[in-house]
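Summary of structural features
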Amino acid sequence: MIIDRDGNITILAQEKASVKTLVNNIEQAYDKYKNYHLIVRLSSLDKITLEDIIEFLRLSNNHRADKKSFVIVSDQVDLDNMPDEIVVVPTIQEAYDIIEMEDMERDLGF
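Residues numbered from 1 in each chain as written. Predicted model: local features only at pLDDT ≥ 70, side-chain atom pairs only at ≥ 80, totals over all residues. Heavy atoms only, no water.

Here the focus is the overall build of the protein. Helix and strand content of the protein: 5 helices and 5 strands. From first element to last, N terminus to C terminus, the protein shows the α and β order β-β-α-α-β-α-α-β-β-α. In terms of overall size, the protein behaves like a compact globule, its C-alpha atoms giving a radius of gyration of 13 Å where 110 residues would be expected to give roughly 13 Å. Projected onto its principal axes, the C-alpha positions of the protein cover 40 × 30 × 25 Å. Of the contacts formed within the protein by residues at least 6 apart in sequence, a portion of 65% connects residues at least 24 apart. (Helix = DSSP H or I, 4+ residues; strand = E, 2+ residues; numbered from the N terminus. Rg over C-alpha atoms; globule rule 2.2 N^0.38 Å. Contact = heavy atoms within 4.5 Å.)

The buried fraction of strand β2 (residues 9-13) is high, at 5 of 5 residues. Covered by surrounding structure in β2 are Ile 9, Ile 11 and Ala 13 together with Thr 10 and Leu 12, the residues of both alternating faces. Relative to β2, strand β1 (residues 2-6) runs antiparallel, the two sharing 5 bridges. Looking at β2, one finds that Arg 5 is bridged to Thr 10. What sits between the antiparallel neighbours β1 and β2 is a turn of 2 residues, in which Gly 7 has the positive phi angle 65 degrees. Relative to strand β3 (residues 37-41), β2 runs parallel, the two sharing 5 bridges. Opposite Thr 10, over in β3, you have Leu 38 as the bridge partner. (Buried < 20%, exposed > 50% of the residue type's maximum accessible area, 1.4 Å probe, protein only. Pairing = 2+ DSSP bridges.)

Once that is clear, we can look at the layout of surface pockets. Estimates place the volume of the largest pocket at around 170 Å³. Lining the largest pocket are Arg 64, Lys 67, Lys 68, Ser 69, Glu 102, Glu 105, Arg 106 and Phe 110. A per-element tally of the lining of the largest pocket places helix α5 (residues 92-108) first, with 3 residues. Here the lining of the largest pocket is composed, by residue class, of 1 nonpolar, 1 polar and 6 charged. (1 Å grid on protein atoms, 1.4 Å probe; cavity = no way out; pocket = protein on both sides within 12 Å on 5 of 7 lines; lining within 4 Å. Points joined across faces, edges and corners; volume = space filled by probe spheres on them. Nonpolar A, V, L, I, M, F, W, Y, C, P; charged D, E, K, R; others polar.)

Bringing the packing of aromatic side chains into the picture now. By convention here, two paired aromatic rings are described through the distance between centres and the angle between planes. Taken as a whole and judged by the stated rule, the model has 1 aromatic pair. Considering the side-chain rings of Phe 56 and Phe 70, the 6.2 Å spacing of their centres and the 45 degrees angle between planes classify their relative orientation as tilted. Here Phe 70 lies in strand β4 (residues 70-73) and Phe 56 lies in the loop between α3 (50-54) and α4 (57-65), a separation of 14 residues in the sequence. What makes Phe 70 buried here is its relative accessible area of 0%. (Phe/Tyr/Trp six-rings, centres within 6.5 Å; stacked < 30°, edge-to-face > 60°.)

This part is about unusual backbone geometry. For Lys 67, which is not glycine, the phi dihedral falls at a positive 65 degrees. Tracing the chain through its elements places Lys 67 in the loop between α4 and β4. On the basis of relative accessibility, which here comes to 58%, the residue Lys 67 falls in the exposed class.

Given below as structure tokens:
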């Protein structure tokens, strides 16, 4: 797992292991990430399915419940088929934009 920090944002990426392994690794080390907005970059993985994205649902829901953003970056998925409960975008820039918008919404009390 590759970990990058950018201010209050942590970017997690996986080069070779499966999505299930990545989710498991994030959950085991969650205390390190819980105070940061999370971007999970899946761009390096060859094939991403809807089931792979759903693996992140519980983690995403828990993180968002603590008033932190959780965004998955992948250009390998059909964004129209993604569940509304999880945020998936095709580029890292869009992930930063989503976090910025969600921060504004939280500041405004939405």
